[in-house]
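# Descriptive analysis of the structure
The primary structure of each chain is shown beneath.
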Amino acid sequence: MKKIFLTLALSMGAFLTMNAQEISENAIGLRLGGGDGFGAEVSYQRAIGNDNNRLELDLGWRNDDNFDAVKLAGLYQWVWNIEGGFNWYAGAGAGLGTVDDKRDFRDDFDDNDGAFVFIAGNIGIEYNFDIPLLLSLDFRPEFGFSDYDVIDDFAPDIAVGVRYQF
């Protein structure tokens, strides 16, 4: 009976570890999409600890008819395997940025240039290919804190990520 229980326990453990997908130590690439006018971000992911947790840093920029802006976002993410190379993840974080309003203020002395901060959530799916390529689709709602007309207080950001894993 002990041998059957031990064999069953070892088999279950082997099955569960085969199903678990390890995330890569590092990944760098682009996150393309847009909430609040930010169309492209350079994205870096770094695995943290032995669990499937990671830190993501994104540097985004936007050149628009009304404004120029740069933002930096940092997110902590938890990653769970769905099956094979498919994972889903969720996370939370914050960021900061700067905006330069290019609109003409001849009749108004109010200037909309300056810094802003925001908090963000994150949820998405990703696929790890057998080659060092990671594709993802995520939703990142951002809640900003600023007094500038050109930056919205809420930005629902949907983006596609393409990253090289190493």
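Residues numbered from 1 in each chain as written. Predicted model: local features only at pLDDT ≥ 70, side-chain atom pairs only at ≥ 80, totals over all residues. Heavy atoms only, no water.

Going through the model one piece at a time under the given rule, you end up with seven aromatic pairs. Seen from their ring centres, Tyr76 and Trp78 are 4.9 Å apart, and the 75 degrees between their planes marks the pair as edge-to-face. Residue Tyr76 is classed as partly exposed on the basis of its relative accessible area, which comes to 29%. Assessed through its relative accessible area of 38%, Trp78 is described here as partly exposed. Aromatic side chains Tyr164 and Phe166 sit 6.0 Å apart centroid to centroid with 20 degrees between the ring planes, which places their arrangement in the stacked category. By relative accessible area, Tyr164 is classed as partly exposed at 47%. Through a chain of ring-to-ring contacts, the aromatic side chains of Phe86, Tyr127 and Phe129 assemble into a single cluster. Arg54 extends its terminal NZ or CZ atom over the ring of Tyr89, reaching a point 5.0 Å from the ring centre. The ring of Phe118 carries the charged tip of Lys71 above its face, separated from the ring centre by 5.3 Å. (Phe/Tyr/Trp six-rings, centres within 6.5 Å; stacked < 30°, edge-to-face > 60°. Buried < 20%, exposed > 50% of the residue type's maximum accessible area, 1.4 Å probe, protein only. Lys NZ or Arg CZ within 6 Å of the ring centre and 35° of its normal.)

On to the sheet that holds strand E8 (residues 154-165). Two modes of strand pairing occur in sheets, parallel and antiparallel, and in both the strands are linked by backbone hydrogen bonds. The eight strands are arranged E1-E2-E3-E4-E5-E6-E7-E8 in a closed barrel whose pairing can be described as antiparallel. Going across the sheet, the axis of each strand differs from the next one's by a mean of 25 degrees, ignoring polarity. Across 14 bridges, the pairing between strand E5 (residues 86-101) and strand E6 (residues 114-128) is antiparallel. By the bridge assignment for E6, Val99 is matched with Gly114. (Pairing = 2+ DSSP bridges. Helix = DSSP H or I, 4+ residues; strand = E, 2+ residues; numbered from the N terminus. Axes fitted to C-alpha atoms, helices over the stretch in contact; angles between N-to-C directions.)

A few words now on the nonpolar core. Judged by nonpolar contacts, Phe67, Ala69, Ala73, Leu75, Val99, Phe116, Phe118 and Ala120 together constitute the single largest core of eight residues. Of all the secondary structure elements, the ones that give two or more residues to this core are strand E4 (67-83) and E6. Once residues within four sequence positions are removed from consideration, Ala120 is found in contact with Leu75, Ala92, Gly93, Ala94, Arg140, Pro141 and Glu142. (Core = buried A, V, L, I, M, F, W, Y, C linked by side-chain atoms within 4.5 Å. Contact = heavy atoms within 4.5 Å.)

A full pass over the atoms with the stated rule returns twelve salt bridges. The partner of Arg31 in a salt bridge is Asp138, with the nearest N and O atoms 2.7 Å apart. Of the two residues, Arg31 sits in strand E1 (residues 26-33) while Asp138 sits in strand E7 (residues 133-145), which places them 107 residues apart along the sequence. Residue classification places Asp138 among the buried positions, given a relative accessible area of 3%. Between Arg31 and Asp157 there is a salt bridge, and its shortest N-O distance comes to 3.1 Å. On the criterion of sequence distance, the pair formed by Arg31 in strand E1 and Asp157 in strand E8 is long-range, its members being 126 residues apart. Overall, the relative accessible area of 2% leaves Arg31 in the buried class. (Salt bridge = Lys/Arg side-chain N within 4 Å of Asp/Glu carboxyl O.)

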